[in-house]
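Reading the structure
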Amino acid sequence: MKHTTLTILLLALLLASITGCSSNQGSANGGTGTPRTIETGKTESNKEVKLRIAWWGGQARHDYTLKLIEMYQQLNPNVKIDTEYAGFDDYWKKLAPQAAANQLPDIIQMDISYLTQYGTKDQLEDLSTLTSSGTIDVHAATPETVNSGRVDGKLYGIPLGMNAMGATFDAAMLKQAGISSIPPNWTWSDLEFIAKRMKAQGKVLDHMRFDQFFPYYLRTQGQHYFSSDGTSLGYKDSRYFIDYFKMYLKWYEAGYMRDWDKEALSKLTPEENPVVLGDGFMTMAWSNQFASLQEAAKKPLTLIGLPGPNGKLGLYLKPTMLFSMAKSSKQKTEAAKFISWFLNDIEANKLIKGDRGIPISKTVKDALKPTLSEQDQKIYNYMTWVEQNSSSMDPPDPIGAAEVSKLLRDMQEQILYKKLSVEEAADKFSNEANAILARNKK
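Residues numbered from 1 in each chain as written. Predicted model: local features only at pLDDT ≥ 70, side-chain atom pairs only at ≥ 80, totals over all residues. Heavy atoms only, no water.

Focus: the overall build of the chain
When helices and strands are tallied, the chain shows 20 helices and 13 strands. Burial statistics for the chain: of 442 residues in total, 50% are counted as buried. Of the accessible surface of the chain, which amounts to about 21,300 Å², a share of 52% is contributed by carbon and sulfur atoms. (Helix = DSSP H or I, 4+ residues; strand = E, 2+ residues; numbered from the N terminus. Buried < 20%, exposed > 50% of the residue type's maximum accessible area, 1.4 Å probe, protein only. Areas by Shrake-Rupley, 256 points an atom, 1.4 Å probe, with all protein chains shown as cover.)

Side note on the environment of Gln 201
Position of Gln 201 relative to the elements: it lies in the loop between α8 (188-199) and β9 (204-205). As a C-alpha pair, Gln 201 and Asp 279 span 78 residues in sequence and 9.6 Å in three-dimensional space.

Regarding the packing of aromatic side chains
This model, assessed by the stated rule, comprises 33 aromatic pairs. Plain terms: the ring middles of Phe 323 and Phe 338 are 6.4 Å apart, the flat faces sit at 45 degrees to each other, and that makes the pair tilted. One end of the pair, Phe 323, is in strand β13 (residues 322-325); the other, Phe 338, is in helix α15 (residues 332-344), and 15 residues separate them in sequence. For Phe 323, a relative accessible area of 1% corresponds to the buried category. Under the relative-accessibility criterion, Phe 338 is labelled buried at 1%. For the cation-ring pair, Lys 318 lies above Trp 286, with the distance from its terminal atom to the ring centre recorded as 4.4 Å. (Phe/Tyr/Trp six-rings, centres within 6.5 Å; stacked < 30°, edge-to-face > 60°. Lys NZ or Arg CZ within 6 Å of the ring centre and 35° of its normal.)

Points about the layout of surface pockets
Its volume calculated, the second largest pocket comes out at about 500 Å³. Considering the residues around the second largest pocket, the lining is formed by 24 residues, among which Thr 142, Thr 145, Met 162, Leu 317 and Glu 387 are closest to the centre. Elements supplying a minimum of two residues to the lining of the second largest pocket: α6 (143-147), α17 (362-368) and α18 (374-388). At four residues, α18 tops the list of elements feeding residues into the lining of the second largest pocket. Here the residues of the lining of the second largest pocket are counted per class, giving 10 nonpolar, eight polar and six charged. (1 Å grid on protein atoms, 1.4 Å probe; cavity = no way out; pocket = protein on both sides within 12 Å on 5 of 7 lines; lining within 4 Å. Points joined across faces, edges and corners; volume = space filled by probe spheres on them. Nonpolar A, V, L, I, M, F, W, Y, C, P; charged D, E, K, R; others polar.)

A few points about the sheet that holds strand β6 (residues 158-159)
Strand order in the open sheet formed by five strands is β2-β1-β3-β13-β6, and the pairing between neighbours is mixed. Taken across any chain shown, the strands that pair with only one partner, and hence form the sheet edges, are β2 (79-86) and β6. Inspection of the sheet shows strand β3 (residues 107-110) paired to β13 by four bridges, in the antiparallel sense. Each bridged residue has a counterpart across the sheet, and for Gln 109 the counterpart in β13 is Phe 323. (Pairing = 2+ DSSP bridges.)

Some words on the environment of Leu 306
For Leu 306, the position within the fold is in the loop between β11 (302-304) and α14 (311-314). Here Leu 306 falls in the buried class, since its relative accessible area comes to 5%. Sequence spacing of Leu 306 and Met 284 is 22 residues, and the spatial spacing of their C-alpha atoms is 7.8 Å. In contact with Leu 306, not counting residues within four places along its chain, are Met 165, Gly 166, Ala 167, Trp 186, Phe 213, Tyr 216, Met 284 and Leu 315. (Contact = heavy atoms within 4.5 Å.)

Remarks on the sheet that holds strand β8 (residues 165-169)
Sheet architecture is open: four strands sit in the order β9-β10-β8-β11, paired in mixed fashion. A strand with exactly one partner marks an edge of an open sheet, and here the two such strands are β9 and β11. As paired elements, β8 and β11 share three bridges and run antiparallel to each other. When the sheet's bridge partners are listed, Thr 168 is paired in β11 with Leu 303.

What to know about α15
Taking 1.5 Å as the rise per residue, α15 with 13 residues should run 18 Å; its terminal C-alpha atoms sit 18 Å apart, in good agreement. Among all positions of α15, only Glu 334, Ala 335, Ala 336, Phe 338, Ile 339, Ser 340, Trp 341, Phe 342 and Leu 343 are buried. (Expected span 1.5 Å × (residues − 1).)

Observations concerning the nonpolar core
By size, the foremost hydrophobic cluster in this structure holds 135 residues, and its most contacted members are Phe 241, Met 282, Phe 338 and Phe 429. Here this core gets 10 residues from one element, more than from any other, and that element is helix α10 (residues 239-253). If near-sequence neighbours (up to four positions away) are discounted, Phe 338 is found in contact with Ile 53, Ile 69, Tyr 72, Ile 81, Ile 107 and Phe 323. (Core = buried A, V, L, I, M, F, W, Y, C linked by side-chain atoms within 4.5 Å.)

Comments concerning the pairing of β2
As paired strands, strand β1 (residues 49-56) and β2 are joined by eight bridges and run parallel to one another. From the neighbouring strand, Ala 54 faces β2, where its bridge partner is Glu 84. For the crossover that starts at β1, traverses helix α2 (residues 59-75) and ends in the parallel β2, the hand is right-handed. (Right-handed = clockwise from strand over helix to strand, strands pointing away.)

As for empty space enclosed by the protein
Under the criterion given, the structure shown has two cavities of 30 Å³ or more. Considered as a void within the structure, the largest cavity measures approximately 40 Å³ in volume. For the largest cavity, the full set of lining residues is Leu 160, Phe 342, Asn 349, Ile 352, Gly 354, Arg 356, Gly 357, Pro 359 and Leu 368. Residue composition of the lining of the largest cavity, by class: five nonpolar, three polar and one charged. Taken as a whole, the second largest cavity encloses approximately 30 Å³ of empty space. If you go around the second largest cavity, the residues you meet are Asp 137, Val 138, His 139, Ala 140, Ala 141, Leu 343, Asn 344, Ile 360 and Ser 361. For the lining of the second largest cavity, the residue count by class is five nonpolar, three polar and one charged.

So, the confidence of the model for the chain
Confidence along the chain averages 89 in pLDDT terms, with 90% of residues attaining 70 or more. Under a pLDDT of 50 for its full length, residues 1-44 has, in the predicted model, 10 contacts with residues more than four places off or in other chains. (pLDDT = per-residue confidence, 0-100.)

Details of the packing of α2 against α15
At a closest axis distance of 12 Å, the pairing of α2 and α15 adopts a crossing angle of 120 degrees. Judged by the angle between their axes, α2 and α15 are oblique. Handedness of the crossing formed by α2 with α15: right-handed. Between α2 and α15, the contacting residues are Leu 68, Ile 69, Met 71, Tyr 72 and Leu 75 on the first element and Glu 334, Lys 337, Phe 338, Trp 341 and Phe 342 on the second. (Axes fitted to C-alpha atoms, helices over the stretch in contact; angles between N-to-C directions. Parallel < 35°, antiparallel > 145°, perpendicular 65-115°, else oblique. Left-handed = near helix turned anticlockwise from the far one by under 90°.)

See the structure below:
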């Protein structure tokens, strides 16, 4: 009996010893009992992560974005980021086959005009859960700003900044030609007068991008480029097309703009802009492009609103660009962390300098104001003015918008090359664009 009792006591001590060792092993891993990852010898949080990111822009944007990525990798040594970048048109040409092959980058710089196309084809992740959890921190942005990245209730993109269209010009060049200033409520007639004066100086007006400024013109006329449901053009009367492109053709034939042959070869980078090259006096561009144009030109430039009448109806605030996430990404949480850092890190945004728009975070915006250069302050001042002199943005472009815009570019080209009259182009564009958009009907 004594022998049996001793045996039981020894077994109890042995079990206690084993249990104690197991408990101590858990404490060694942080007191949670979480085992180490045997394959790598690292905790899960230190496991190596590879991300791909893609964006469009000019050389200045490429340079600072690469610096930002290096900063992030230094802060997160386990993260390695592969980069892909190009000019605007080439960017979308490269992205399309990647989407078709289900090989989109983890983080995609997205334009509002493509958001519906990629989002509704189940190629983009709905980021609602990641913002709700705080993984992507948007608490310092207004709900209206964040929601501008929604399509059919799903958050397919986080705005990186807000901007508005504007006219960027070389004030010193105009002054030399006897034009001391441009009035705030200037008109298309004023622009024509200025262009005529500047042509005598051998300086041109940069071509206005067809898919941005025809829609702006429509808005000033109380019309819209697309219908509210996205299944047709938003205007019925062809006179709007005819009036705009007759004005455009008149200016082109008068020599106010550079030859279309030269324009067609442009990659739309800041370095190729006529104002930067010195042979142009004005370019119509988004406010966020002012910083890169300024840097490339290496001379003071000025930013004002677009010509009217009814410029307030035409102007609107929109996301400069957004970060979207590929539905196919295997690293959604890590991609979300990078997006959140990009939006909220003050040092990172000091490098961005408003190139991707005025930051959506009020915290970041307030922190940057004292650090702004005189030129960067011009963007902030302009955006403050636009807030009081603009109207609500239209919904994100519908599926088929890119195809419609390609058609519009073709129509503009055929008008300028005299292959179609403006009236013929108006009818052709209306018929074919409506056919493209009608495919969206369910």
